[in-house]
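Close look at the chain arrangement
Residue strings, one per chain:
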Amino acid sequence: QVHLVESGGGSVQAGGSLRLSCVASGDIETISAMGWYRQDPRFDRDLVADIITGSSPRYADSVKGRFTISRDDAKKTVYLQMNSLKPEDTGIYYCNVVSRGVYYSPPRNHWGQGTRVTVSS
C-alpha cells in the first residue's frame, strides 16, 4: 500500500501565499511523477503542476509564474509553493504520485485525501 499525507491548505486573502506538502510512504520503489491537481465544481481533477522524473516541471497556464512545484525524492515529498493567490485558485488540491513498488508493476496512480485552499477577495 501507498499512503499520501497532504498538509498546508487553509484560507488566505487574495495576494497571499500558501505552501502545500505531500509525503508519500509505503511500498514505493521508483517514482515516475509527483504532482498536484485541483478539483473543480464538476468534480474533475485538473493538473495544477507536476514533475515527471527526469523532466522539467509542468504547470497549468493559470498558475505559471505564481506557483512553484518541487520534490525531494529522499523524503518522498512534493511541495507546491503558491504565491499571489487568486480567488479562482480556490478548491481542493490533491497530491498525486505515480510509482512502482515491490508488489506492483507497472506504475500506478496514488492520490492523497485532498487539502482545501480558500482564497477570498
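The present account deals with the structure reproduced in this document.

Criteria and cut-off values
Residues numbered from 1 in each chain as written. Predicted model: local features only at pLDDT ≥ 70, side-chain atom pairs only at ≥ 80, totals over all residues. Heavy atoms only, no water. Disulfide = S-S within 2.5 Å. Helix = DSSP H or I, 4+ residues; strand = E, 2+ residues; numbered from the N terminus. Phe/Tyr/Trp six-rings, centres within 6.5 Å; stacked < 30°, edge-to-face > 60°. Buried < 20%, exposed > 50% of the residue type's maximum accessible area, 1.4 Å probe, protein only. Lys NZ or Arg CZ within 6 Å of the ring centre and 35° of its normal. Contact = heavy atoms within 4.5 Å.

**What about the state of the cysteines?**
In the structure shown here, the tally under the stated rule is one disulfide. Each sulfur of the disulfide joining Cys22 and Cys95 lies 2.1 Å from the other. Note on the Cys22 and Cys95 pair: the S-S dihedral is about -80 degrees, so by sign convention the disulfide is left-handed. Separated by 73 residues along the polypeptide, Cys22 in strand 3 (residues 18-26) and Cys95 in strand 9 (residues 91-100) bring together distant segments of the chain.

**Structural notes on the packing of aromatic side chains**
Overall, the coordinates contain one aromatic pair when judged by the stated rule. Centroid distance Tyr37 to Trp111: 5.1 Å. Interplanar angle 75 degrees. Geometry classified as edge-to-face. Taken together, the residues Tyr37 in strand 4 (residues 30-39) and Trp111 in strand 10 (residues 108-111) connect sequence positions 74 residues apart. Looking at Tyr37, the relative accessible area reads 18%, which means it is buried. A residue is classified by how much of its surface remains accessible, and Trp111, at 36% relative accessible area, is partly exposed. Between Arg45 and the ring centre of Trp111, over which it is positioned, the NZ or CZ distance is 4.8 Å.

**Regarding unusual backbone geometry**
Of note, the bond from Ser105 into Pro106 is cis; its omega dihedral lies within 30 degrees of zero at 10 degrees. Of note, the phi angle at Lys76 is positive, near 50 degrees, even though the residue is not glycine. Its place among the elements puts Lys76 in the loop between strand 7 (67-72) and strand 8 (77-82). Its identity is not glycine, yet Ser84 carries a phi of approximately 50 degrees, on the positive side. Here Ser84 falls in the partly exposed class, since its relative accessible area comes to 39%.

**Thoughts on the environment of Arg38**
Relative to the elements of secondary structure, Arg38 occurs in strand 4. Sequence spacing of Arg38 and Ser105 is 67 residues, and the spatial spacing of their C-alpha atoms is 27 Å. Residues in contact with Arg38, not counting those within four places in the same chain, are Asp44, Arg45, Asp46, Val48, Ser62, Glu88, Asp89, Thr90, Gly91, Ile92 and Tyr93.

It is worth stressing that arrangement in space is one thing and function is another; only the former is reported here.
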